Amino acid sequence: MFGLVTYILVAPLVTFGIVILLGKRLPRGGDWLTLFSIWTGLFASLYLFFRYMLGSYDPDYLVSYSFNWLKWGNYDLTIGYAIDNMGIMMLVVVTLISALVHLYSVGYMHGDPKYSRFFAFLSLFSFSMLGLVLVDNLLMIYCFWELVGLSSYLLIGFWHEKDSAANAGKKAFITNRIGDAGMLIGILLTFTTLGTLNLHEIAAGVTAGKLSGGLLTAAGVLLFCGAIGKSAQFPLHVWLPDAMEGPTPVSALIHAATMVAAGVYLVARLFVILTLDASLVIAYIGGFTALFAATIAVAQNDVKRVLAYSTLSQLGYMVMALGAGAYMAGFFHLVTHAMFKACLFLGSGSIIHAMHHALHHIHSDADAQDMRNMGGLRKLMPLTFWTFLIATISLSGVPLTSGFLSKDAILGGSLAFAMMHPKHWILPVLGFSAAILTAFYMFRLIYLTFFGTFRPGEKAEAEVHESPWTMTLPLVVLASLSISIFFVAPGVNPFNAGNGWFATLFPNPPRAYELVLPHNEEAIEPIKEIEIVEHVEHTEPVAEVIGESATETSVEHSEEIHHENEPLAIVHNGTLTEEKLAEEEHKEEATHTTAHAAGATAHAVEHDAHHDVHHKAHNIAMIISIILAFSGILIATAGYYWKKKALDPAVWQKRLGIIYKGMFNKWWSDEIYRATAINGTIGLAKVLGWFDLYIIDGIVNGAAWLGRVYAMIEGWFDNHIIDGLVNLTAWIVGIFGRIVRLFQAGQLQRYVWYTLVFIGLFILMKVV
Amino acid sequence: MYNLTIYLMVSAVLFLLGLFAVMTRKNAISVLMGIELILNASALNFVTFSHFSSGNLNGQVAALFVIIIAAAEAAVALAIFLNIFRIKATSQVDKADLLQG
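Points about the overall build of chain A
Part 1: Counting its secondary structure elements, chain A contains 33 helices and 2 strands.
Part 2: Counting across all 768 residues of chain A, residues that qualify as buried make up 49%.
Part 3: Long-range pairs, those at least 24 residues apart, make up 79% of the contacts in chain A between residues at least 6 apart in sequence.

In structure tokens:
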């Protein structure tokens, strides 16, 4: 299994290396290599999906493999794989979309001078994204997180001859860095407090209460900062619409389906450790983004920008769901959204491709992406139209589509959250408002693009053709996967995914605060309960019935399965029957500790109430969301198709006045950032530059000047005083030498004289 | 019997004559002859003391040494003077001032 996973992960990296180095010398620019690597990766992922995920059908399925990588003081830093249901699901989503986008790009990028480099970058992205979903610790997630950001930067700025594309790439990268800085602090905070970066050990540490209170909230919010950047949530959302400067397949793969979902994936991974406060921050940011972006999408004319803001809005939904505790709903929407949004983007790429060709033919320099230049494409590009329509109704949340199921789950989850915490009634309101807007702007897009007459004229109309099969096949596949039947199986009710494989395999895990908060006076009790239940499960034969799917099958598949979370899941998240069984066992075994039994009963009652609220909220949300979806579609149809006078868009634009201007101008978010953050930074840089130039440089130059003056003084001292002393000594010695020289005549007889004189002197001294 | 004083006086006169020659004569050969006189004066001294200290022959031996040294010295000195003559074309000792400081 690990061999297979390693192949899926490494193959794109290898093809990236080959194609980036040798791409121009390979036939067809080496696209077949990257296609081969990602398609085999897709089949391998599907094998894992059917063999292990659906095969074991166990919510707690987890296989991990890790090894020591670095030793930091007392800490062993391990890296490795953690393959669970979420990992396999992400693997399938990423390889599926990536494989289809690779295929699509063969048609879309045909004839581009940098054709092979494009495929190399796509491979690099696939590698990074697959690594991100497979690794088991935050540090490696962070590494791949940055790699994903890098490949996104490279692909946004792919046509870097255009200034706008180059700038968009930089903007995306820098905006992401702001969020990533927060995430890095969060990682360091987690590491210093828990001493581990392994996701499961972090979850276990938090559950055991090693990190709690304000610090845990801070850790959750800081880690969420990374998700704000990557998933383009409200304060850092500005990069995503600009990222549409990249080639359209890239928009579909990176900026709609996978990379931007990485933030949501991260929040889902950290779901267990989120405190109530952190969850609220997340929920409000997500909810606000959902509505905020939806209002902007209503007023955009660029087809890709509408989709970009729609992506923002849907990501907001996912984040809100996770914040509101609807774990399954958030992740479910991630998966379904990846399918239909990729389909929409690829569809828009198909439209733009055709429009570009047609406009080029009539020598018009009109914008090929502007919806006001389109119209009537329904008959010209039927396959694109039908797939686009299916994806649109899925995004709008019309029943029988996957989007309906997941969006409904999110709205139900947020409604249930509001019913339990009535203070936060605004969350579902944000969600429902965004839902009606979503249906409206998507059908506005459909009517402007596919209905009416082709606006550039008949001469250009003759040049509009359906795209080649490499581009339409991915559309068909993705549109088919947007139908609800794939997600409700093995259930049969198309309105309810609650019994489907997805809901079964991704139950809401308990959050750390839920384990501790409800029983303030016996905060440690729940953990003891869990231990007892665990014992029961391993000793009693009845327990094997409970754990049948869980324990036996997975052990068969691999030796390295961990069941850390399993007991928790049974207490808090198993289906009702399972929980009751466990509870009965618990009562029988633990009668001597009546307090425990009472606690467990209270807990079970609360859980039932919880479940009831969810059930009720779900039904209400479903009815409201169907009504809202259809009313949104109705308004769009009335305004743009039937062209009712009362709903004429031009009239409403005037009537809404400043509100329309705000929506059209993205609520001036770029302008506000320019006025505050960017100009502020530039101003600060100028002040600091002045400070550097005059104060710091002044100090440095002053010091240098002082040094020079000192050196001059010392030089003078050296030249005159020190050298003078030395010369004086030499001069004195020279004088002596000259005197002594007189005696050395070199004449023998003179020496004899000296000898005699001195002998005489000695004798004289002796005598005297 | 001649006494010691007479011998020593003769020796002293010899020494002084030698010294006088060494200090005053310009000719190198004359200087060399003065040195011979000094050496013989000292040899006479040795022999005298040997004679008057009964039975001690050390002085006699020393005198023999002096004679030998005088011979060797004459040979070396003559060689030196020859070389000086070759360089300076003179045998005057006051002209030979090559080692003047």
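Now that the structure has been shown, we can carry on.
Quick word on the overall build of chain B
Part 1: Across its full length, chain B holds 3 helices and 0 strands.
Part 2: Tracing chain B from N to C terminus, the helices and strands come up as α-α-α.
Part 3: Computed over the C-alpha atoms, the radius of gyration of chain B is 17 Å, more than 25% above the 13 Å expected from 2.2 N^0.38 for a compact globule of 101 residues.
Part 4: Its C-alpha atoms put chain B at 50 × 25 × 25 Å along the principal axes.
Part 5: Burial statistics for chain B: of 101 residues in total, 13% are counted as buried.
Part 6: Contacts in chain B between residues at least 24 apart in sequence constitute 43% of all its contacts with a sequence separation of at least 6.

A few points about the pairing of strand E1 (residues 62–72) of chain A
Part 1: Relative to strand E2 (residues 75–84) of chain A, E1(A) is paired through 10 bridges, and the arrangement is antiparallel. Paired with Ser64(A) across the two strands is Ala82(A), which belongs to E2(A).

Observations concerning the nonpolar core
Part 1: Ranked by internal contacts, the top residues of the largest apolar core, which has 216 residues, are Ile97(A), Val264(A), Val267(A), Leu322(A), Ala342(A), Cys343(A) and Leu478(A).
Part 2: Take this core: its biggest share by element is 19 residues, from helix H14 (residues 327–361) of chain A.
Part 3: The contacts of Leu478(A), once residues within four sequence positions are left out, are Leu100(A), Met339(A), Phe340(A), Ala342(A), Cys343(A) and Leu346(A).
Part 4: Residues Val22(B), Ala28(B), Val31(B) and Val93(B) belong to the second largest nonpolar core, which totals 5 residues.

Side note on the packing of helix H12 (residues 276–298) of chain A against helix H13 (residues 303–323) of chain A
Residue and element names in this part refer to chain A.
Part 1: Two elements in contact, H12 and H13, have axes separated by 7 Å at closest approach and are oriented at 160°. Our classification of the angle between H12 and H13 gives roughly antiparallel. For the pair H12 and H13, the crossing hand works out as left-handed.

Quick look at the interface of chain B and chain A
Interfaces are frequently sized by the accessible area removed from exposure as the parts join.
Part 1: The interface is formed by 9 residues belonging to chain B together with 9 residues belonging to chain A.
Part 2: Each residue belonging to the side of chain B that touches chain A can be placed in one class, and the counts come to 5 nonpolar, 2 polar and 2 charged.

Looking at the packing of helix H3 (residues 85–108) of chain A against H14(A)
Residues and elements named next belong to chain A.
Part 1: Relative to each other, H3 and H14 sit at 5°, their axes nearing to 11 Å. On the basis of their axis angle, the class for H3 and H14 is roughly parallel. Between H3 and H14, the contacting residues are Met86, Met89, Val93, Ile97, Tyr104 and Tyr108 on the first element and Phe331, Val335, Ala338, Ala342, Leu346, Gly349 and His353 on the second.
Part 2: For the contact of H3 with H14, the class distribution of residues is 11 nonpolar, 2 polar and no charged.

Some points on unusual backbone geometry
Part 1: The backbone of Leu400(A) shows a phi angle near 75°, a positive value even though the residue is not glycine.
Part 2: Here Leu400(A) falls in the partly exposed class, since 14 other C-beta atoms lie within 10 Å of it.
Part 3: Notably, Ala89(B) is not glycine yet its phi reads approximately 55°, a positive angle.
Part 4: Take Ala89(B): it is sitting in the segment after helix H3 (58–88).
Part 5: For Ala89(B), a count of 8 C-beta atoms within 10 Å gives the class exposed.

Some points on the confidence of the model for chain B
Part 1: For chain B, the mean per-residue pLDDT works out to 88, and 97% of the residues sit at or above 70.
Part 2: Interface confidence for the predicted complex, given as ipTM, is 0.82, next to a pTM of 0.70.

Examining the environment of Ala41(B)
All names here are of chain B.
Part 1: Mapping Ala41 onto the fold places it in helix H2 (residues 28–52).
Part 2: Note on Ala41: 20 C-beta atoms within 10 Å, which makes it buried.
Part 3: C-alpha separation for the pair Ala41 and Phe15, spaced 26 residues apart in sequence, amounts to 5.2 Å.
Part 4: Those residues in contact with Ala41 that lie beyond four places of it in its chain are Ser11, Leu14, Phe15 and Gly18.

With respect to the environment of Gly286(A)
Residue and element names in this part refer to chain A.
Part 1: As for its position among the elements, Gly286 is in helix H12.
Part 2: The exposure class of Gly286 is buried, given the 33 C-beta atoms found within 10 Å.
Part 3: In this structure, the C-alpha to C-alpha distance between Gly286 and Arg444, residues 158 residues apart in sequence, is 24 Å.
Part 4: Once residues within four sequence positions are removed from consideration, Gly286 is found in contact with Gln233, Gly316, Tyr317, Val319, Met320 and Gly323.

Looking at H2(B)
Part 1: Helix length check: H2(B), at 25 residues, gives a terminal C-alpha distance of 36 Å against a target of 36 Å (1.5 Å per residue), a fit within 8%.
Part 2: Along its buried surface, H2(B) packs onto helix H1 (4–24) and H3 of chain B.

Points about the confidence of the model for chain A
Residue and element names in this part refer to chain A.
Part 1: With 86% of its residues at a pLDDT of 70 or more, chain A has an overall mean of 81.
Part 2: The least confident element of chain A is helix H25 (residues 541–546), whose mean pLDDT is 39; the most confident is helix H5 (residues 138–156), at 91.
Part 3: Every residue in residues 517–585 scores below 50 in pLDDT, and together they form 92 contacts with partners more than four places removed in sequence or on other chains.

Notes on the environment of Leu22(A)
Residue and element names in this part refer to chain A.
Part 1: Among the structural elements, Leu22 can be located in helix H1 (residues 2–22).
Part 2: On the neighbour-count criterion, Leu22 (14 C-beta atoms within 10 Å) is partly exposed.
Part 3: Sequence separation between Leu22 and Thr258 is 236 residues, and the spatial gap between their C-alpha atoms is 28 Å.

What about helix H30 (residues 649–656) of chain A?
Part 1: Burial of H30(A) is sparse: only 0 of the 8 residues sit out of reach of the surface.
Part 2: One or two positions beyond H30(A), positive phi appears at Gly657(A), with a value near 55°.

Thresholds, definitions, all that
- Residues numbered from 1 in each chain as written.
- Chains lettered and ligands numbered in written order.
- Predicted model: local features only at pLDDT ≥ 70, side-chain atom pairs only at ≥ 80, totals over all residues.
- Helix = DSSP H or I, 4+ residues; strand = E, 2+ residues; numbered from the N terminus.
- Buried ≥ 20, exposed ≤ 12 C-beta atoms within 10 Å, placed from the backbone.
- Contact = placed C-beta atoms within 7 Å.
- Rg over C-alpha atoms; globule rule 2.2 N^0.38 Å.
- Pairing = 2+ DSSP bridges.
- Core = buried A, V, L, I, M, F, W, Y, C linked by C-beta atoms within 7 Å.
- Axes fitted to C-alpha atoms, helices over the stretch in contact; angles between N-to-C directions.
- Parallel < 35°, antiparallel > 145°, perpendicular 65-115°, else oblique.
- Left-handed = near helix turned anticlockwise from the far one by under 90°.
- Nonpolar A, V, L, I, M, F, W, Y, C, P; charged D, E, K, R; others polar.
- pLDDT = per-residue confidence, 0-100.
- Expected span 1.5 Å × (residues − 1).

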